[in-house]
Amino acid sequence: MGFRTLFKGGGGASVYNLTTSCDGNSPTRHVECKIQFAVHSTEFTFLFLTQKQMDSHYDAQDVARCDLCEIALVQSYCDFCHVNLCKPCIGEHISDDYTKHIIVPFQQRRSTLIYPKCGTHPNENCKYQCKDCNIFLCTDCLASKPHNKEHKLSKLDEIFSKKKDEIQKDKQEIKEQILPVYDDIASELENQISHIDVDYQKFTTQLSKHREELHREIDNVINQREKEIDENKLKHLSILKKHLEEIKQLQSLMHKTLHSIYEMEESNEVTPTIHYSSKNQEFSKLPPKVIVSMPKFIPKPIEKEELCSLIGKLTPLSTTLEERVFTAKKPNTSVRELLDEPEVLNTIKAGHEKLCSVTCLTEEEIWTSGQTTADIKCINTQGVLQKTIKSKSGMGPNDIAVYSDGALVYSDARTRTVYKVKNDQTEEIIRLQGWRPTNLCVTSSGDLLVAMVSDDKTQSKVIRYSGSTVKQTIQFDDDGQPLYSGNDYNKCITENRNLDICMADYRAGAVVVVNQAGKLRFRYTGPPSSTKKEPFNPWGITTDSQSRIFTSDSNNHCIHVLDVNGQFLRYIDNCDLVYITGLCVDIDDSLFVCECFRGNVKRIRYLK
């Protein structure tokens, strides 16, 4: 238990800090005791505070101290100056002008309204408002010069209360309904921008194929058309980025509005609060949607007499605005909570000496592979063997994955090759030079993500393939630094439901997550504080329908569960798991876990 000891006695106070430790599960308490001993007839008081009370993340009432002496625990609060006070310091605080200070118990802080001062009677506060004249009035104003009796008077505290309710509703509407819609719009535009190179590459490829059919003398014309493509691409990018900037400016304005609302919620100032005006209706009017029609390349038959016209042309880039209709973002009501104690549903004997990988679409087709055998086995949840496929090299594959149509794909770093198996026919779909494929993932769009390491083990990267065509390369962050370590073949990879690409980088001791465009979102290197003894080196990785991330910590025989933003949620460490490697989740959110040396696949239920 960590604690601080405050020694009070004699003519002053001394502060000492001591730190020790206790079981993390032990309850924390506030212990006060008074010890008297004979040191010049002085009485000393010892106050012990648990670590919880020293932690600034806990409630202010647990740790708040007097702002004047900075030693004693707070007991009162000045609602005028917003200062914490202990009892001995109250007198000093109000000594300048006791009439202006408002001392209340600490638990009732910020409960006193701060009314505007009356312009006619400076010593009085205005507690009324004339709705007809739109002015504030104090009781002296009403008594000394009776206001028009036909005018309607309102109490400022009632107006204040209603406005506070309105502010709270606006805050919730912006946070839960309006801002999420703008987030979706921004995400859609960012996605278009991230794919624009791939989309325009199709035109360049088509143009190059047409060029091969033409004679050398028309190369200059071809180059002119390529320039037109680049110009259209720049215009397309400019249009999308301009619209995205407009959206982000509106988002920034909403965040500023939220910030102002938060300040108003904490403020007792009446004037700014009652003058608050909602901007939600303005925010709810969405900007028009920019729709940019892609140009088209139209080739023509080759005729030497009309080379320029026969090369073909690109249709001009066109932009239209489509009116958006605001639809409030509905909260996700299908979130399933984690079980307090995950349970093993059954243990499946996979029949591999060193079981490394597991992947599945259904409970009847669970594919497994190991390090020491060429057999890639398909079993069901009862452990009954359905079929066996042997790797081409006769050695254990580095990783396996399954397409939505049931086709199996596996990587072989020894031959630098990725194979696809469908209807018992094996075909080579990728062969690398200078790089070796390690781990695989089939994405929701049907693309294949391949993690690979250079032959000299100094670099790593992820390539997105459509069939055998390279669509995307992910290797460096915005500062040009490598995203992944380069000295290890174990780099398990998966795609999350939000299209993030998640990699368990064993040698780096980190889970590295990038978005669909390949931009770094976060690195997870373990929870803020860990009860585990061994270093965190993630092996397998998978995600579920709630976008949670699961990664196996083989050294500590447990699984780390993270949310979509990389925040640690919990361990799964109660299922007698030993040296965990591969992971996967099926469509029903059952978690399948490989135990390397036991050769078992454990099916675990972890959701309520």
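This write-up is about the structure you can find in this document. All figures in this text were calculated on a predicted structure; none of them were measured in a lab. (Residues numbered from 1 in each chain as written. Predicted model: local features only at pLDDT ≥ 70, side-chain atom pairs only at ≥ 80, totals over all residues. Heavy atoms only, no water.)

1. Considering the overall build of the protein
Move 1: Each helix and strand in the protein was counted, giving nine helices and 38 strands.
Move 2: Within the protein, the proportion of its 608 residues that are buried is 44%.
Move 3: Considering only contacts within the protein whose residues lie at least 6 apart along the sequence, 50% involve residues at least 24 apart.
Move 4: Surface summary for the protein: the accessible area is close to 33100 Å², and the carbon and sulfur share equals 47%. (Helix = DSSP H or I, 4+ residues; strand = E, 2+ residues; numbered from the N terminus. Buried < 20%, exposed > 50% of the residue type's maximum accessible area, 1.4 Å probe, protein only. Contact = heavy atoms within 4.5 Å. Areas by Shrake-Rupley, 256 points an atom, 1.4 Å probe, with all protein chains shown as cover.)

2. A look at the nonpolar core
Note that soluble globular proteins tend to have their nonpolar side chains buried in a common cluster.
Move 1: Grouped together as the largest cluster of nonpolar side chains are 32 residues, with contacts concentrated most on Ile174 and Met254.
Move 2: It is helix H5 (residues 156–212) that provides the largest number of residues to this core, a total of 14 residues.
Move 3: The residues contacting Ile174, other than those within four sequence positions of it, are Leu179, Pro180, Met254, Thr257, Leu258, Ile261, Asn280 and Phe283.
Move 4: Of all hydrophobic cores here, the second largest spans 16 residues; its members include Ile429, Ile430, Leu448 and Tyr465. (Core = buried A, V, L, I, M, F, W, Y, C linked by side-chain atoms within 4.5 Å.)

3. Description of the pairing of strand S38 (residues 600–607)
Move 1: Within S38, seven of the eight residues are buried, which leaves the element mostly enclosed by the surrounding structure.
Move 2: Two strands pair when backbone bridges link them, and strand S15 (residues 338–349) and S38 are joined in this way by seven bridges, in the antiparallel orientation. Along S38, the bridge assignment pairs Thr347 with Lys602.
Move 3: Note that strand S37 (residues 591–595) and S38 share five bridges and pair antiparallel. Along S38, the bridge assignment pairs Phe592 with Arg603.
Move 4: In this structure, the hairpin formed by S37 and S38 is closed by a connection of four residues, where Gly599 is found at a positive phi of approximately 70 degrees. (Pairing = 2+ DSSP bridges.)

4. Here we look at unusual backbone geometry
Move 1: The residue Asn134 is not glycine, and still its phi comes out positive at about 55 degrees.
Move 2: Within the fold, Asn134 resides in the loop between strand S8 (128–130) and strand S9 (135–137).
Move 3: Not every positive phi belongs to a glycine, and Asp589 is a case in point at roughly 65 degrees.
Move 4: Mapped onto the elements of the fold, Asp589 is located in the loop between strand S36 (580–585) and S37.
Move 5: The exposure class of Asp589 is buried, given its relative accessible area of 6%.

5. Notes on the sheet that holds strand S18 (residues 375–379)
Move 1: Strand order in the open sheet formed by four strands is S16-S17-S18-S19, with antiparallel pairing between adjacent strands. Two strands close off the open sheet at either side, each with one partner strand: strand S16 (355–362) and strand S19 (385–390). Taking the axes of each pair of neighbouring strands and ignoring which way they run, one obtains an average angle of 20 degrees across the sheet.
Move 2: Pairing analysis gives four bridges linking strand S17 (residues 365–370) to S18, with the strands arranged antiparallel. Residue Trp367 lies in a different strand from S18, and its bridge partner there is Cys378. (Axes fitted to C-alpha atoms, helices over the stretch in contact; angles between N-to-C directions.)

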